[in-house]
Amino acid sequence: MSQLVTIFGGSGFVGRYIARRMAKAGWRVRVACRNPNEAMFVRTYGAVGQVEPVFTNIRDDASVDAVLTGADAVVNCVGVLAEAGKNTFDAVQAEGAARVARLAAAAGITRMVQISAIGADKDADSQYAQTKAEGEEGVLAHMPNALILRPSIVFGPEDEFFNRFASMSRLGPVLPVIGANTRFQPVYVDDVAAAAEKGITEGVSGVYELGGPDVHSFRELMAIMLDTVRRRRLVINIPFFMARIMAFGFGVLQFLTLGLVKAPVTKDQVINLGVDNVVSEDAKGLADLGIRPTSLEAVLPDYLWRFRPSGQYAAIKESARNLRS
């Protein structure tokens, strides 16, 4: 019988790419998620019965232990960008990650991959960064040979970064951003999945920071995105003091509406946007795993075309104009 990997958050943005890769490699894949009925699409990644979504609650020992039964390897992709109800940074990113590692070790599983983030630091001002670091610490306490992956901003067809701002670019002549000069090193989602596959199949361990081939400021990333969607917009930087006021106001509104109105930006996100998100000079990265990073320009047009004024017909119109000239 083929080997089995349990992927926590396997129906999420990064998790689904890891699930697809492991299915192609011949593994059985158990996708552990909160809403299995909304994750049925993962079944198409393999043969009948090869990839199965199952319910789990990463905050509960019994629930986590149940989906680890019979697994040969485990991947934890679960994380939150903003707290909601019981899904706090501590409960999910710190305690949840440690719980998965502890119960995996108790079950005799020897290979684990933890998806963390560049900037994970217990001394950071951001709770997101603090709990990512605490999660790493908890994982390594129980699974010292785990592979810790720290990606920069992850891009791909289902991302919440370029898709979000490309959608915003359709609303008016101005595109507001927070931290226009903050630097990022976007990494392609399937490159992150390829790195995770190394940890599962080859037992690679250690901490790796994952970034793409190029470093850009937030403003430069918006320029690349706008060029891809064929729109001219004025990118306006929102000062951090103003962003903090906005985040506070949105937080109050979300609280008063009992979560019906979601805050578009939180105080913690504003803090993160003030810190460069690039691979450290002395860190191991994709090259050390034998993976050649994919550029933004090679992928963005494949999924941002729908935000162009002419949508899928933009390329045809451009070609026609070239013929006339």
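Our subject is the structure that appears above.
Structural notes, computed from the coordinates. Because the structure is predicted, anything quoted here is derived from the model rather than measured.

Counting secondary structure elements, the chain contains 11 helices and 13 strands. Its C-alpha atoms give the chain a radius of gyration of 20 Å, within 12% of the compact-globule value 20 Å for 325 residues. Its C-alpha atoms give the chain principal-axis dimensions of about 65 × 50 × 40 Å. The buried share of the chain, reckoned over its 325 residues, is 50%. Of all intrachain contacts in the chain linking residues separated by at least 6 positions in sequence, the fraction that spans at least 24 positions is 76%. When the accessible area of the chain is evaluated, it comes to approximately 15800 Å², of which 53% is carbon and sulfur surface. Seen as two clouds, the 35 positive and the 34 negative side-chain charges of the chain have centres 9 Å apart.

Let us look at helix α2 (residues 61-68). Because each turn of an α-helix spans 3.6 residues, side chains separated by three or four positions end up pointing in the same direction. Considered for burial, the residues of α2 that qualify are S63, V64, V67 and L68. Projected onto a plane normal to the axis of α2, the buried residues spread over an arc of 135° and lie on a single side. The secondary structure elements touched by the buried residues of α2 are β1 (4-8), β2 (28-33), β3 (51-55), β4 (73-76) and α3 (89-106). Of the residues flanking the start of α2, the one acting as N-cap is D60, its side-chain oxygen 3.3 Å from the backbone nitrogen of A62. Once α2 ends, the next one or two residues include G70, with phi positive near 80°.

Moving on, we get to helix α7 (residues 218-229). The end-to-end C-alpha separation of α7 is 17 Å, in line with the 16 Å expected for 12 residues at 1.5 Å each. Residues F218, L221, M222, I224, M225, L226, T228 and V229 constitute the buried set of α7. For α7, the secondary structure elements touched by its buried residues are α5 (162-168), β8 (174-178), β9 (183-184), β12 (216-217), β13 (234-238) and α10 (300-304). R230 sits one or two residues past α7 and shows a positive phi near 60°.

In terms of nonpolar packing, the biggest core is built from 70 residues, with I18, F162, M222 and M225 touching the most fellow members. Beyond its immediate stretch of four places on either side in the chain, F162 contacts F155, L221, M225, L296, L300, Y303 and L304. Residues L4, V100, M143 and A146 belong to the second largest nonpolar core, which totals 20 residues.

Before going further, it helps to spend a moment on unusual backbone geometry. In the Ramachandran plot, R230 falls in the positive-phi region, its phi being about 60° despite a non-glycine side chain. Looking at the element boundaries, R230 is found in the loop between α7 and β13.

Within the secondary structure, N181 is located in the loop between β8 and β9. Judged by its relative accessible area of 62%, N181 falls in the exposed class. Once the C-alpha coordinates of N181 and N237 are considered, the two residues, 56 residues apart in sequence, prove to be 8.6 Å apart. With residues near it in sequence (within four places) discarded, N181 still touches S217 and D276.

Bringing the packing of α3 against helix α4 (residues 127-142) into the picture now. Here α3 crosses α4 at 10°, and the two axes come no closer than 8 Å. With respect to their mutual orientation, α3 and α4 come out roughly parallel. Between α3, through F89, D90, Q93, A94, A97, A98, A101, R102 and A105, and α4, the contact on the second element is made entirely by Q127, Y128, T131, K132, E134, G135, G138, V139 and H142. Here the residues of the contact of α3 with α4 are counted per class, giving eight nonpolar, six polar and four charged.

Moving on to the sheet that holds strand β11 (residues 206-210). Read from one edge of the open sheet, seven strands run β3-β2-β1-β4-β5-β6-β11, paired in parallel fashion. The open sheet has two free edges, formed respectively by β3 and β11, since each of these has just one partner strand. Averaged over all neighbouring strand pairs, the angle between strand axes comes to 20°, with direction disregarded. Pairing analysis gives three bridges linking strand β5 (residues 111-115) to strand β6 (residues 147-151), with the strands arranged parallel. Pairing of Q114 across the sheet is with I148, part of β6. Lying on the sheet, α3 is in contact with β1, β4 and β5; it crosses β5 at an angle near 175°. Strands in contact with α4 are β5 and β6; relative to β6, the strand with the most contacts, it is inclined by about 165°.

On inspection of all chains with the given rule, the structure shows zero disulfides. The cysteine C33 is free of any disulfide, with C77 supplying the nearest cysteine sulfur at 12 Å. Take C33: its relative accessible area is 7%, and that puts it in the buried class. You can call C77 buried: its relative accessible area is 16%.

Conventions adopted
Residues numbered from 1 in each chain as written. Predicted model: local features only at pLDDT ≥ 70, side-chain atom pairs only at ≥ 80, totals over all residues. Heavy atoms only, no water. Helix = DSSP H or I, 4+ residues; strand = E, 2+ residues; numbered from the N terminus. Rg over C-alpha atoms; globule rule 2.2 N^0.38 Å. Buried < 20%, exposed > 50% of the residue type's maximum accessible area, 1.4 Å probe, protein only. Contact = heavy atoms within 4.5 Å. Areas by Shrake-Rupley, 256 points an atom, 1.4 Å probe, with all protein chains shown as cover. Lys, Arg positive; Asp, Glu negative; His and termini not counted. Charge placed at Lys NZ, Arg CZ, Asp CG, Glu CD. Arc of directions from axis to C-beta. Polar contact = N/O pair within 3.5 Å; in protein donor to acceptor, adjacent residues only side chain to side chain. Expected span 1.5 Å × (residues − 1). Core = buried A, V, L, I, M, F, W, Y, C linked by side-chain atoms within 4.5 Å. Axes fitted to C-alpha atoms, helices over the stretch in contact; angles between N-to-C directions. Parallel < 35°, antiparallel > 145°, perpendicular 65-115°, else oblique. Nonpolar A, V, L, I, M, F, W, Y, C, P; charged D, E, K, R; others polar. Pairing = 2+ DSSP bridges. Disulfide = S-S within 2.5 Å.

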